[in-house]
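# Coordinate analysis (summary)
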Amino acid sequence: MKTLVIINGVTGAIGTACLARFSREEDTVIYGLSRQAPNFTEFAQGGLLPARTLICSIGNITNIKDAKAFADAIDPALFKKIIYVHAVGVYPFELDATGNIKVSNDADGDGIDDRVVQLSHDAFFTMSDALAGLGKSLSVLIFGGIADKYQPAVHTSWWSVMGKVKSAMLKRAVVYKNAAYHLLNISSVICPHEILTRPFVFINTNADPRFWLMPSEVADKAAELTLSNKIGFVETDLYHASNYYHTAYFKDEHFTKRKQAELGYTAK
């Protein structure tokens, strides 16, 4: 029997690295999920997906019916274990040029960016719950941030949602006895998207890319954790200690000005 690895967000920097890393594992099948790909039903034979690596879409990744339809197309008899890596989401910088906190995409007025809720909470549990229903050994993993424990004001939507994700993972780890729920907290990752969203990070700050994580390092740790026999809830930090870190690094009066500089704003 084979191991099935499902990577949601397979075309992103971390998702691509995970695709490459898990591809080196013997008796492993990968289903990548991407909106750019054909719907999974186009690959199904007799209503079931083949035990072959492919990239497909499922429709709306936050929709329970769409996630369940995809899970129902997986033949549990072919796999001894299912791994789910959630590599989709947004990590908004919630501040304006004057240093004031500004939350965007908040249709319900709760002070939290709706995209973070939908992609990092709703989509994650929609898929992981559907896969848990297959009754196989299950290992799921989602990425958090090293800064989350410090609750910086400029990332309030992110750490607020991730706090709820962690609480829900702890509860599910009790319910699903044959499952592992991994929260992998990572530092900045060196990739084009990260620099595009923080265009002046290496110009206006003392950030050094030598201390940032490579996507391959993140993928290696994700594989190490999910391929292990651990069960329950597991939280892991992954980062390189930098020589410019100091005890006040994540305090708002310093961190907010740093984020302004990364975005090209003039800190006051």
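Please refer to the structure placed before this passage.
Figured I'd write up the structure that's included with this text.

What counts, and where the lines are drawn
Residues numbered from 1 in each chain as written. Predicted model: local features only at pLDDT ≥ 70, side-chain atom pairs only at ≥ 80, totals over all residues. Heavy atoms only, no water. Helix = DSSP H or I, 4+ residues; strand = E, 2+ residues; numbered from the N terminus. Expected span 1.5 Å × (residues − 1). Buried < 20%, exposed > 50% of the residue type's maximum accessible area, 1.4 Å probe, protein only. Contact = heavy atoms within 4.5 Å. Salt bridge = Lys/Arg side-chain N within 4 Å of Asp/Glu carboxyl O. Polar contact = N/O pair within 3.5 Å; in protein donor to acceptor, adjacent residues only side chain to side chain.

## What to know about helix 4 (residues 156-175)
End to end, helix 4 covers 29 Å across 20 residues, agreeing with the expected 28 Å (1.5 Å per residue, within 8%). Those residues of helix 4 that fall on the buried side of the exposure criterion are S157, W158, W159, S160, V161, M162, V165, A168, M169 and A173. On its buried side, helix 4 packs onto helix 3 (114-132), strand 5 (137-145), strand 6 (179-186) and strand 7 (232-238).

## Comments concerning the pattern of salt bridges
Applying the stated criterion to the full structure yields 12 salt bridges. The residue E235 makes a salt bridge to K166 at a minimum N-O spacing of 2.7 Å. Here E235 is found in strand 7, whereas its partner K166 is found in helix 4, with 69 residues between them in sequence. Its relative accessible area of 37% is what places E235 among the partly exposed residues. Through salt bridges with shared partners, a single network forms among E194, R198, K259 and E262.

## Considerations on the side chain of R198
Within the element layout of this structure, R198 appears in the loop between helix 5 (192-197) and helix 6 (215-226). Residue classification places R198 among the buried positions, given a relative accessible area of 5%. A polar contact of 2.7 Å, which involves the side chain of R198, links it to the side chain of E262. Excluding residues within four positions of it along the chain, R198 makes contact with F93, S188, W212, K259 and E262.

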